[in-house]
Amino acid sequence: MANILVVDDEMGIRELLSEILGDEGHVVATAENAQQARELRQNSVPDLVLLDIWMPDTDGVTLLKEWQRDGLLTMPVIMMSGHATIDTAVEATRIGALNFLEKPIALQKLLKAIQQGLSHSREPARPASYRPAPVAAVANGGGESLHAADHIAPIASYAPALGGDPLHHGIPAASPYNQVADNAANISFDLPLREARDAFERAYFEYHLVRENGSMTRVAERTGLERTHLYRKLKQLGVEPGKLAKKNH
């Protein structure tokens, strides 16, 4: 999880980026102009900034120069624009911008740029992929690189419904994994097939969202779905990634 500042005068862009990055597990702050961005930067240091070039009061390149001049450019900055020239992009890079994204921004390019930006942070930052080790991994000494959850088959987590281990295979009862597993264990076989299938799929995606701390990228990889298909599927099932990610903290 990373703290990301989005600076753009278009409300639609701010809302879209906030939704996408929020689904990835990041904490997003937004500013609609340079003045708001200045104030937010004075109060805290984001892990990364997405900065629009063309804004009504002060343009992004000028703001970037200010931060560089005042010693405040201590975080990676990715510039965005739908009208900038090559010269503008080169100038921004010369001043200290890490990357440049042309609008409309392709989702994969955005996520790749974010990942690269966080890995090239000028100051130590929380990796976007950071997740606390599950309790079982700590109990085993943490010597293996795989997370303990990778060794637990989802169906095995439903053992209590079949008279199995009430501790859910060593994971404390309060674990978010067990809350999701209990939802699946309570699916009635008396439901019509379509309803039973939707209930199972809902529990299936909730399990993976909790497991991956709300990261849509990793859930898409785990489930073998394209991200756009995954977004539609979750919306259809009424699953809210943001709420499930919070359960895992």
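Right above here is the structure, for reference.
Residues numbered from 1 in each chain as written. Predicted model: local features only at pLDDT ≥ 70, side-chain atom pairs only at ≥ 80, totals over all residues. Heavy atoms only, no water.

Engineer: Describe the nonpolar core, naming the residues involved and giving the relevant values.
Structural biologist: In terms of nonpolar packing, the biggest core is built from 21 residues, with Val 7, Val 49, Leu 51, Leu 64, Trp 67, Val 77 and Met 79 touching the most fellow members. Elements supplying a minimum of two residues to this core: strand E1 (3–7), helix H2 (34–43), strand E3 (48–52), helix H3 (60–69), strand E4 (77–81) and helix H4 (86–95). Sort the elements by how many residues they give to this core and H3 lands first, with four residues. Among the nonpolar cores identified, the runner-up in size contains 16 residues, and Ala 2, Val 6, Leu 48 and Ile 78 belong to it. (Core = buried A, V, L, I, M, F, W, Y, C linked by side-chain atoms within 4.5 Å. Buried < 20%, exposed > 50% of the residue type's maximum accessible area, 1.4 Å probe, protein only. Helix = DSSP H or I, 4+ residues; strand = E, 2+ residues; numbered from the N terminus.)

Engineer: An account of the pattern of salt bridges is requested, with residue identities and associated values reported.
Structural biologist: In total, this model carries nine salt bridges according to the counting rule given. A salt bridge links Lys 103 to Glu 10, with the shortest nitrogen-to-oxygen separation between them at 4.0 Å. Placement of Lys 103 in the loop between strand E5 (99–102) and helix H5 (107–119) and of Glu 10 in the loop between E1 and helix H1 (11–23) is noted, with a sequence separation of 93 residues between them. Residue Glu 212 is joined to Arg 218 by a salt bridge in which the shortest nitrogen-to-oxygen separation is 3.1 Å. Each of Asp 8, Glu 10, Asp 52 and Lys 103 takes part in one network of salt bridges that share partners. (Salt bridge = Lys/Arg side-chain N within 4 Å of Asp/Glu carboxyl O.)

Engineer: Requested: an account of helix H9 (residues 216–223), with residues and values cited.
Structural biologist: Each full turn of the α-helix corresponds to 3.6 residues, which orients residues three or four apart in the same direction. When H9 is considered as a whole, its buried residues turn out to be Met 216, Val 219, Ala 220 and Thr 223. Axial view of H9: buried residues confined to an arc of 100 degrees, hence all on one face. Gly 224 lies just past H9 and shows a positive phi near 75 degrees. (Arc of directions from axis to C-beta.)

Engineer: Can you tell me about the pairing of E3, naming the residues and giving the values?
Structural biologist: Residues in a regular strand project their side chains so that they alternate between the two faces of the sheet. Where burial is concerned, most of E3 is hidden: five out of the five residues are buried. As paired elements, E1 and E3 share four bridges and run parallel to each other. Looking at E3, one finds that Val 6 is bridged to Leu 50. Examined bridge by bridge, E3 and E4 share four bridges and lie parallel to one another. Residue pairing for E4: Leu 51 is matched across the bridge by Met 79. On the question of chirality, the crossover connecting E3 to the parallel E4 by way of H3 is right-handed. (Pairing = 2+ DSSP bridges. Right-handed = clockwise from strand over helix to strand, strands pointing away.)

Engineer: Lay out the sheet that holds strand E2 (residues 27–31) with the relevant residues and their values.
Structural biologist: Strand order in the open sheet formed by five strands is E2-E1-E3-E4-E5, with parallel pairing between adjacent strands. Single-partner strands in this sheet number two, and they are E2 and E5. The average angle at which neighbouring strand axes cross in this sheet is 20 degrees, direction not considered. Sheet contacts for H1: E1, E2, E3 and E4; angle to E2, the most-contacted strand, approximately 170 degrees. (Axes fitted to C-alpha atoms, helices over the stretch in contact; angles between N-to-C directions. Contact = heavy atoms within 4.5 Å.)

Engineer: Got a sec to walk through the pairing of E5? Specific residues and values, please.
Structural biologist: Where E4 lies against E5, four bridges are found, and the strand directions are parallel. Counted as the bridge partner of Ser 81 is Glu 102 from E5. Considered for its hand, the β-α-β crossover made up of E4, H4 and E5 is right-handed.

Engineer: Run through the side chain of His 26, naming residues and quoting values.
Structural biologist: Along the chain, the position of His 26 falls in the loop between H1 and E2. What makes His 26 buried here is its relative accessible area of 10%. In this structure the side chain of His 26 is engaged in a polar contact, spanning 3.2 Å, whose partner is the backbone nitrogen of Ala 2. (Polar contact = N/O pair within 3.5 Å; in protein donor to acceptor, adjacent residues only side chain to side chain.)

Engineer: I'd like a rundown of the packing of aromatic side chains, residues and numbers included.
Structural biologist: In the structure shown here, the tally under the stated rule is two aromatic pairs. Centroid distance Tyr 204 to Phe 205: 5.2 Å. Interplanar angle 80 degrees. Geometry classified as edge-to-face. Owing to a relative accessible area of 29%, Tyr 204 belongs among the partly exposed residues under this scheme. (Phe/Tyr/Trp six-rings, centres within 6.5 Å; stacked < 30°, edge-to-face > 60°.)

Engineer: Run through unusual backbone geometry, naming residues and quoting values.
Structural biologist: For residues other than glycine, phi is negative in most cases, and the peptide bonds are mostly trans. Between Lys 103 and the following residue, Pro 104, the backbone shows a cis peptide bond with an omega angle of -5 degrees. Residue placement: Pro 104 occurs in the loop between E5 and H5. Positive phi outside glycine occurs at Asn 213, with the angle close to 55 degrees. Summarising the element assignment, Asn 213 is placed in the loop between helix H8 (193–211) and H9. Assessed through its relative accessible area of 7%, Asn 213 is described here as buried.

What is shown is where atoms sit, not what they do.
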